[in-house]
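# Overview (structure and organization)
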Amino acid sequence: MKIPSFKQRPLVSAVSRATAFTTAFTTAFATALTAVVATSSLAYADGQLEGTVSDHQSKQPLNGVVVRVTHQGTQQQREQLIETAGRFRLNQLPAGEYELQVRMAGNVLQTQTLTVEDETTTRLALTLKSNLAHNAEAEEEILVIGQAAQIQRALDRQRYADNMISAINADAIGQLPDSNAAEALQRVPGLSIERDQGEGRFVRVRGVSPDLNAVSVNGTQLPAPEAGRRAVALDVVPADLLSSLVVTKTLTPDMDANAIGGAIEVESLSALDRQGAFYTVRAEASYDEHTDQTSPAYAISGGDTFALNGEQKLGVAGALSWEQRRFGSDNVETGGAWDFGDGAGKLEEIEQRHYAIERERLGAALNFDYEINANHKLFLHSLYSEYKDTETRLANVVEFGEEELNDDNELEFSGAGRAQGDTGLAEVKRELKDRSETQTLLATTFGGEHFDDDWTIEYAVGYSKANEDEPGGISGAVFEAGELDGMGYRDSRQPQLIAGADYYDPASYELKEVEYTDAYTEDEQLSYKFDITRDLYINDYPALIKFGAKASQREKSLDENEYVYEDFTDAGVAEADLAMTAFAQSSPDYGLDKFGPGISADKVNDLLSTLNKQDYLDTEKSSIADYTVNEDINAAYVMGRIDIDDWRVLTGVRYEHTKHRFKGAAYDGEKITAVKTDNQYGDVLPALHVRYQLNDGTQVRAAWTNAVVRPTFEQMAPSFVDDGEEAEFGNPELDAMTASNYDLGIEHFMGTAGVVSAFVFHKSISQFVFETDLAGSPQWADYDEVKTYRNGDAATLTGVELAYSQKLTQLPSPFDGVLVGANVTVSESNARIKTYDDGERVQRDIALPNHSDVTGNLMLGYDKQGLQLRLAANYKSDYLLSVGDLTDKQQDVYQQAQTQWDFSAGYHVTEQFKTTFEVSNLTDAPYYTYVNESRYNAQYEDYGPTYKLGISYSNF
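Here, residues in each chain are numbered from 1, in the same order as that chain's written sequence. Only residues with pLDDT of at least 70 get local features here, since the model is predicted, and only at 80 or more are side-chain atom pairs given and counted; chain-wide, interface and lining totals rely on the full set of residues. Water and hydrogen atoms play no part in the side-chain values, which are based on all heavy atoms of the structure.

### A look at the pattern of salt bridges
- Just to be clear on terms, a salt bridge is a Lys or Arg side-chain nitrogen sitting within 4 Å of an Asp or Glu carboxyl oxygen. Evaluation of the coordinates by the stated rule reveals 51 salt bridges.
- A salt bridge links D162 to R648; the shortest N-O distance between them is 2.7 Å. Of this pair, D162 sits in the loop between α3 (147-160) and β8 (165-169) while R648 sits in strand β31 (residues 647-667), and the two are 486 residues apart along the sequence.
- Note on classification: 1.4 Å probe, protein chains only; a residue is buried when its accessible area is under 20% of the maximum for its type, exposed when over 50%, partly exposed between these limits. What makes R648 buried here is its relative accessible area of 13%.
- Between E522 and K465 there is a salt bridge; the shortest N-O distance is 3.4 Å. Within this pair, whereas E522 is found in strand β26 (residues 510-538), its partner K465 is found in strand β24 (residues 455-490), the two being separated by 57 residues in sequence. Only DSSP runs of H or I with at least four residues qualify as helices, and only runs of E with at least two residues qualify as strands; both kinds are numbered from the N terminus onward.

Rendered as structure tokens:
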């Protein structure tokens, strides 16, 4: 056995990286400190302005409005977007007279004058009254809860951010029109989602794989429950738990750098954003047209703020949601098993699948916000999600072939491609998969925020844990019919079988093997961070210096046991009891073709219960599957920001040091050997962000940022298997992927919920990780296949992102409630993969897997007098799903372009009582993948639309 040399990187390399880090950070910190000290003397005026903005009628704090102050002497302006509890704070204001404006969507809602004095804090409690508003229409946008108000708050957040972000705001107490976080995010420019059984799960940002994006909840990074992956499936986060979703497309140095595509922040409810008690209860029923099943969902969210001694306030907010969804799908797939040797495709294998699925989601959030006074705040935010997926899959597997003479002049079955319409021999199996797995996510963050004159100190401790528990299930029960004649197929896109009566007769089949699997994956992370900000003036220009550090420890482990039941007669099972007639049940309702008899999971489990489970443990497979990866990341940064007239410039540098420790196993066909190794490296990540205000509604942005993403756990796992002819192993020595990102764009904000924007972006990704085959290379010259992962050359991604939205208030009533929105991202990617073919090293260029050249959204809505309507379309062009053969592009698998239409309607019967109706996948768009050309099926799956009817009652 040729075990790869899993060795720690040379000590001199680690020392040099550590030295580089120490030098870089010490220099940066000293520079920052020197700047703070040197410029403190220039901060000749240090008056402060702080206060709250609330609605006069409801007394509720108002978030999403902008406070702007203008010095009457110099006409210099400062402004701040209010995001939490209606509070604003402006430090380092020169003494003098100011005009203060409260603004939203470019409208002035209220104006007043005030005086700021040196070394004095001026406090205001602003209430917006109708007779003070600039116009009634502008005030309505603050007070009305609806699509336009949500869009406007999100746009203002995007407008005033230091970097390039996109946001989705829920209404006042945390509801979104989409059912989960993933499906809400697909509406954001540049974002698309990957679906599982028709449900949105993983999010791609600007065409980048979900494994290269980061997801956090209330500032704490979410780990991934699935074995081998970094991507977090956002369908486990119910919309009822959310306050907002923020997608950061250009990172600042104070952010974790582990996002090449983008960073997704999930923000849950805060009671301080409301005044007094509030709550919403919701009940919903959904109907799956494909299976004629109805499923329930319930949710409650709310909170209260309690006044304590003096200025102290305690806000408590929580949410609880539960959903049970029963549905299914029909599938026919080839897995790309086409032979294009003679030009025309010949099919080697076809599989029909019928799924019966039940998914149960439980979500909970509990948040405590303790405001000691206006300068000191503590918080404890927690989110919990549990997702149980129960799946029964029936499959018919047909491998086309013919009988040929082998070297011993004996007849044997040989798989061979078959042309459409031809018939002949085929090996036929009927299979059953029956399993239940539960994924749980927990994220808890404790922290504080403290203001001391011009200093801000923030700190947080985050703990997050994810696991996936599969307590035991049938991963594959195989009933074989052997070779049947007269087998063929019609239609290469949606294949239908040509078969005789014996194919549908359960007496033709006999149980040969059952694979039974139990597995447990755990991903746990603990992090500590602190940030210090100093507000100051440099040559009369407002500025800040910010620096901090973060340490995180993460452990990902997989424990899997695989049992293979076979040779049943040797265990005393009568041959007659293995006939499929003893396990058969009625044919499933399969809409793509005639299916034949089903298989009872209960009867298969009854048979297994008569056998000693431990006698069938596959020790080798079970040991090789297990691994543990420890990942420690220590980071430090320094950054500064300055406003010079219409310019805002932010720059800084972040350093991240990564250390991995790996545990796995190697198997050489005879014995199992423990494998331990480690790896470490460091990355210096500079950033520059520039924003220029062309006029009051138009601004230009530019950014140069750098990011680093570690390989997935599956790619790094040191597990190794070698049978002398084939080998497969992970690669603990992989380098992290780094990306230099360049962004340039213009945004024009107009009217209500209105924006038109255009951005161009370019990403250069170094150390791109890809799967390769080393068979034929000098070390593996005698092997037929050697699968592993390697770092490749740079991959690139270049694109343009266009967006438009607006409420058409200029139209006559009732059409002034119409909302329109559209966005499109057009991009191109390139990566190079390398392998060996007959001992020769070969390479070819591919597009980045899972990257669509074109993604887009279209939204038509209506929002007026309690009626809310939305018709939304999401489009993804064809994209490379997987590389089938490293040497032959004809075997690459692509997902076909897909457009999904969704409709939602809501009506406020009263101010508190609301009814909703939704239809997802309105046009019954199927999921279709193909190989080589669109006419050659890889997978066709049909789900059907889902209808939802709900009611909710709110009090706030």
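### Remarks on the side chain of E941
- Within the secondary structure layout, E941 lies in strand β50 (residues 937-942).
- The charge count treats Lys and Arg as positive and Asp and Glu as negative. His and the chain ends do not count. For the buried E941, no salt bridge exists, and the shortest N-O distance to an oppositely charged side chain is 7.2 Å, to R353.
- The term polar contact refers here to a pair of N or O atoms within 3.5 Å; inside protein, the definition further demands a hydrogen-donor-capable atom paired with an acceptor-capable atom, and it admits residues adjacent in sequence only when both atoms are side-chain atoms. Here S329 takes part through its side chain, which lies 2.8 Å from a polar atom of the side chain of E941.
- A distance of 2.9 Å separates polar atoms of two side chains, one belonging to E941 and the other to Q939.
- Not counting residues within four places of it along the chain, the set of residues in contact with E941 comprises Q197, S329, D330, N331, Y355, P926 and Y927. Here, residues are in contact when the closest pair of their heavy atoms is within 4.5 Å.

### Some details on the environment of Q152
- The topology assignment puts Q152 in helix α3.
- For Q152 and A125, which are 27 residues apart along the polypeptide, the C-alpha to C-alpha distance reads 23 Å.
- Leave out the neighbours within four places in its chain, and Q152 touches M104, A105, G751, T752, A753 and G754.

### With respect to the confidence of the model for the protein chain
- You can read pLDDT as the predictor saying how much it trusts each residue, on a scale of 0 to 100. Confidence in the prediction for the protein chain averages 88 pLDDT; 92% of positions are at 70 or higher.
- This model gives residues 6-44 a pLDDT under 50, and the stretch forms 52 contacts once residues within four places in sequence are excluded.
- Low pLDDT, under 50, characterises residues 130-144; the predicted model gives this stretch 30 contacts beyond four residues in sequence or across chains.

### Section: the environment of E79
- Inspection of the secondary structure assignment puts E79 in strand β3 (residues 77-81).
- Aside from chain neighbours lying at most four places away, what touches E79 is V66, V67, R68, L90 and Y160.
- In terms of polar contacts, E79 uses its side chain to reach the side chain of R68, at 2.9 Å.

### Some remarks on helix α6 (residues 601-608)
- Listed in full, the buried residues belonging to α6 are A601, V604, L607 and L608. Buried residues in α6, looked at end-on, bunch into an arc of 120°, giving them a common side.
- The elements touched by buried residues of α6 are β23 (423-452), β24, β26, β27 (541-566) and β29 (598-599). An arc is given here, and it is the one of the directions from the helix axis to the C-beta atoms.

### Looking at the environment of D773
- Topologically, D773 is positioned in strand β38 (residues 769-773).
- Given a relative accessible area of 17%, D773 falls into the buried group.
- Expressed as a C-alpha distance, the spacing of D773 and N396, which sit 377 residues apart in the sequence, is 31 Å.
- Once residues lying within four places of it in the same chain are set aside, the contact partners of D773 are D784, E785, V786, T835, Y836 and L886.
- Of the polar contacts made by the side chain of D773, one reaches the backbone nitrogen of V786; its length is 2.8 Å.

### Some words on the packing of aromatic side chains
- Each Phe, Tyr or Trp ring, with Trp reduced to its six-membered ring, pairs with another whose centre is within 6.5 Å; inter-plane angles below 30 degrees give stacked pairs, above 60 give edge-to-face pairs, and intermediate values give tilted ones. Summed over the entire model, instances satisfying the criterion amount to 20 aromatic pairs.
- Look at W338 and Y489: their rings are 6.2 Å apart centre to centre, the planes differ by 85°, and that puts the pair in the edge-to-face class. You can see W338 sitting in strand β18 (residues 338-339) and its partner Y489 sitting in strand β24, a full 151 residues away along the chain.
- Taking relative accessible area as the criterion, Y489 reaches 1% and is therefore assigned buried.
- Relative to Y936, the ring of F340 has its centre 5.0 Å away and its plane inclined at 70°; by these criteria the two rings are edge-to-face. One end of the pair, F340, is in the loop between β18 and β19 (346-347); the other, Y936, is in the loop between β49 (927-931) and β50, with 596 residues separating them in the sequence. Neither residue differs from the other here; F340 and Y936 are each classed as buried.
- An aromatic cluster is present here, built from W338, F340, F400, Y489 and Y936 joined pairwise through their rings.

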